[in-house]
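Chain by chain, the residues:
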2 protein chains.
Amino acid sequence: MGGPEIERLIELLSRLPGLGPRSARRAALTLLRQPQTRLLPLADAMQRAGQSVRTCSRCGNLDSRDPCSICTDDHRDGSVICVVEGVGDLWALERAAVHRGLYHVLGGTLSALAGIGPEDLNLRPLLSRLEEGGVREVILALGATVDGATTAHWLADRLQPFGVTVSRVAQGVPMGGALDVLDDGTLAAALMARRAG
Amino acid sequence: MGGPEIERLIELLSRLPGLGPRSARRAALTLLRQPQTRLLPLADAMQRAGQSVRTCSRCGNLDSRDPCSICTDDHRDGSVICVVEGVGDLWALERAAVHRGLYHVLGGTLSALAGIGPEDLNLRPLLSRLEEGGVREVILALGATVDGATTAHWLADRLQPFGVTVSRVAQGVPMGGALDVLDDGTLAAALMARRAG
Ligand SMILES: [Zn+2]
Ligand SMILES: [Zn+2]
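Here the structure is a predicted model, which means the values were calculated and not measured. (Residues numbered from 1 in each chain as written. Chains lettered and ligands numbered in written order. Predicted model: local features only at pLDDT ≥ 70, side-chain atom pairs only at ≥ 80, totals over all residues. Heavy atoms only, no water.)

Glancing now at the coordination of the zinc ion (ligand 1). Each protein donor to the zinc ion (ligand 1) is listed here as Cys-56 of chain A (SG), Cys-59 of chain A (SG), Cys-68 of chain A (SG) and Cys-71 of chain A (SG); together their distances run 2.3 to 2.4 Å. Around the zinc ion (ligand 1) sit four donor atoms; with metal-centred angles ranging over 104 to 116°, the donor geometry is tetrahedral. (Donors = N, O, S within 2.8 Å, 3.2 Å for Na, K, Ca; no water. Tetrahedral: all angles 85-135°; square planar, octahedral: opposite > 155°, others 65-115°.)

Below, the discussion takes up the relation of the copies chain A and chain B. For the pair chain A and chain B, the superposition axis carries a translation of 0.0 Å, the fit reaches an RMSD of 0.0 Å, and the rotation angle comes to 180°. Put plainly, the chains are arranged around a two-fold axis. Distance from the rotation axis, computed per C-alpha, reaches its smallest value in chain A at Ala-43 of chain A: 2.2 Å. The share of interface residues of chain A whose copies in chain B are also at the interface is 100%, consistent with both copies meeting through the same surface. (Least-squares fit on C-alpha atoms with pLDDT ≥ 70 in both. Contact = heavy atoms within 4.5 Å.)

Further remarks concern the coordination of the zinc ion (ligand 2). All names here are of chain B. Protein ligation of the zinc ion (ligand 2) involves Cys-56 (SG), Cys-59 (SG), Cys-68 (SG) and Cys-71 (SG), the donor distances falling in the range 2.3 to 2.4 Å. Its four donor atoms give the zinc ion (ligand 2) angles of 104 to 117° at the centre, a pattern that matches the tetrahedral case. In primary sequence terms, the donor set of the zinc ion (ligand 2) follows C-x2-C-x8-C-x2-C. Of this pair, Cys-56 sits in the loop between strand S1 (54-55) and strand S2 (62-63) while Cys-68 sits in the loop between S2 and strand S3 (77-84), placing them 12 residues apart in sequence. Of the two residues, Cys-56 and Cys-68, neither departs from the other in class, the shared state being buried. (Helix = DSSP H or I, 4+ residues; strand = E, 2+ residues; numbered from the N terminus. Buried < 20%, exposed > 50% of the residue type's maximum accessible area, 1.4 Å probe, protein only.)

On the chain B side, the residues contacting the 53 residues of chain A number 53 residues. Surface buried jointly by chain A and chain B totals about 4,700 Å² across both partners, of which 73% is contributed by carbon and sulfur atoms. Here chain A and chain B share zero salt bridges between them. Joining chain A to chain B, the criterion identifies six residue pairs in polar contact (both at pLDDT 80 or more). Sort the elements by how many residues they give to the side of chain A that touches chain B and helix H3 (residues 35-52) of chain A lands first, with 15 residues. Considered class by class, the residues forming the side of chain A that touches chain B number 28 nonpolar, 12 polar and 13 charged. (Buried area = accessible area lost by both parts, 1.4 Å probe. Salt bridge = Lys/Arg side-chain N within 4 Å of Asp/Glu carboxyl O. Polar contact = N/O pair within 3.5 Å; in protein donor to acceptor, adjacent residues only side chain to side chain. Nonpolar A, V, L, I, M, F, W, Y, C, P; charged D, E, K, R; others polar.)

Residue and element names in this part refer to chain B. Mapped onto the fold, Ala-96 is located in helix H4 (residues 87-96). Residue Ala-96 is classed as buried on the basis of its relative accessible area, which comes to 14%. When the C-alpha atoms of Ala-96 and Leu-182 are compared, they prove to be 9.8 Å apart, with 86 residues separating the residues in sequence. Contact partners of Ala-96, with chain neighbours within four places excluded, come to Asp-184 and Leu-187.

Where H3 of chain A contacts helix H1 (residues 4-13) of chain B, the two axes come as close as 9 Å, and the packing angle between them is 145°. For H3 of chain A against H1 of chain B, the interelement crossing comes out left-handed. Of H1 of chain B, the residues touching H3 of chain A (which contributes Pro-41, Leu-42, Ala-45, Met-46, Arg-48, Ala-49 and Ser-52 of chain A) are Glu-5, Arg-8, Leu-9, Leu-12 and Leu-13 of chain B. Each residue belonging to the contact of H3 of chain A with H1 of chain B can be placed in one class, and the counts come to eight nonpolar, one polar and three charged. (Axes fitted to C-alpha atoms, helices over the stretch in contact; angles between N-to-C directions. Left-handed = near helix turned anticlockwise from the far one by under 90°.)

Below, the discussion takes up the pattern of salt bridges. For the structure shown, the criterion picks out 14 salt bridges over all chains. Notably, a salt bridge pairs Arg-48 of chain B with Asp-44 of chain B, separated by 2.8 Å at the nearest N-O pair. Of the two residues, Arg-48 of chain B and Asp-44 of chain B both sit in helix H3 (residues 35-52), four residues apart, roughly one turn of that helix. Of the charged contacts, one joins Arg-124 of chain B and Glu-131 of chain B as a salt bridge, the two residues approaching to 3.0 Å between their closest N and O atoms. Here Arg-124 of chain B falls in the partly exposed class, since its relative accessible area comes to 47%. The network of salt bridges with common partners includes Asp-77, Arg-136 and Glu-137 of chain A.

Residues and elements named next belong to chain B. Two strands pair when backbone bridges link them, and strand S5 (residues 137-141) and strand S6 (residues 165-168) are joined in this way by four bridges, in the parallel orientation. Of the residues in S6, the one forming a bridge with Ile-139 is Ser-167. Regarding the hand of the β-α-β motif, the stretch spanning S5, helix H6 (residues 146-159) and S6 is right-handed. (Pairing = 2+ DSSP bridges. Right-handed = clockwise from strand over helix to strand, strands pointing away.)

Look at the UniProt record and you will see "zinc finger region: C4-type" (unreviewed entry) annotated at residues 56-71 of chain A. Across residues 56-71 of chain A, helical content stands at 0% and strand content at 12%; the span's end C-alpha atoms are separated by 8 Å. (UniProt positions renumbered as here; feature names shortened; annotations may be inferred.)

A word on the domain arrangement of chain A. When its domains are assigned, chain A resolves into domain 1 (4-52) and domain 2 (75-168). Taking the mean C-alpha position of each, domain 1 of chain A and domain 2 of chain A sit 35 Å from one another. (Domains from an automatic or database assignment.)

Turning to the environment of Pro-17 of chain B, a few remarks are in order. Looking at where Pro-17 of chain B falls in the secondary structure, it is placed in the loop between H1 and helix H2 (21-33). Residue Pro-17 of chain B is classed as buried on the basis of its relative accessible area of 16%. Each residue touching Pro-17 of chain B, except ones within four places of it in the same chain, is listed here: Leu-19, Ser-23, Arg-26, Ala-27 and Thr-30 of chain A.

All names here are of chain A. In terms of burial, strand S5 (residues 137-141) is largely enclosed, as five of its five residues are buried. Of the two faces of S5, the one carrying Glu-137, Ile-139 and Ala-141 and the one carrying Val-138 and Leu-140 are both buried. Here strand S3 (residues 77-84) runs beside S5; their pairing, made up of five bridges, is parallel. Across the sheet, the residue bridging to Cys-82 is Ile-139, located in S5.

And the structure:
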């Protein structure tokens, strides 16, 4: 439909999470109707984001600079590091504005089923930051899944030698639920009610 | 979150129909995690589509060439023209593969409420094609809305002097429903059961 360029656009759009073939077509049509004001600006935004995005070497966040804007923000409390599974969780906590410290993105959880072991997770940079000193608390903000709990246990063990307080978000994360689907209030409650790890 | 480039990407994605802020963030994250293999190829596809898309001067379809690939397809029956409100309807009929003639995209329907009059619709190129001759039937495939029915009436009147058969898709289009949400079978039935206008 509409030649190879339009077909490829629809095809790639339909691979986005949350967009089925039907909504991909609708989105493509909306964009194609206004190529100058909608389609090309989005293409340009993608190009710029794609060229500038990097993974923060300190915390694992995605940002246009490295270290990321959170790691380099002087107003944030460098003595508290919140460990999350993914960048989506970091974004969720930032939107809720409930954590004024720094982050560490683990890049997943341990999973026997998926064959994800300790060596597959982004742990080393966190240990380096703890070795540098100045950190007094690590908050484990992992999902309330079996894998999340396993990972939290393992992490608490790994962090014990550093003598920092290890706490976990607890109340408010529904069983089996992922962190980044929660509303801001629930996230705030979960963070406030954290308990020592 | 993640600097101005990433924020702008999320912002533009969230304006797409079918993507709320939440799914826009998920989509952005998926793309940002694989900039080389996902984000930049999509940016490129958008660029190419945006630069190549044009409105067919014969039928109003969107395509990378003008006249469009349907208008220039020798295997199609040039004696039957199917009039649709928008390109999305044309795509729906093409997917259902129930119409082997040509199309005309009207670009909307008459609407007293929205202040859309005959002069706002893409009618002139259709009349020119009828003047050229060789057309024996015009199928009005408009939605079963009040505005769609009004438009079909008005069009049937306007086309009468040309001596072509004017028919309307009828059975199968649910009352108040738009054409492009129908399944292929329903579309096929509606087209088969068309009645003289
Ligand atoms: Zn960082
Ligand atoms: Zn055409």
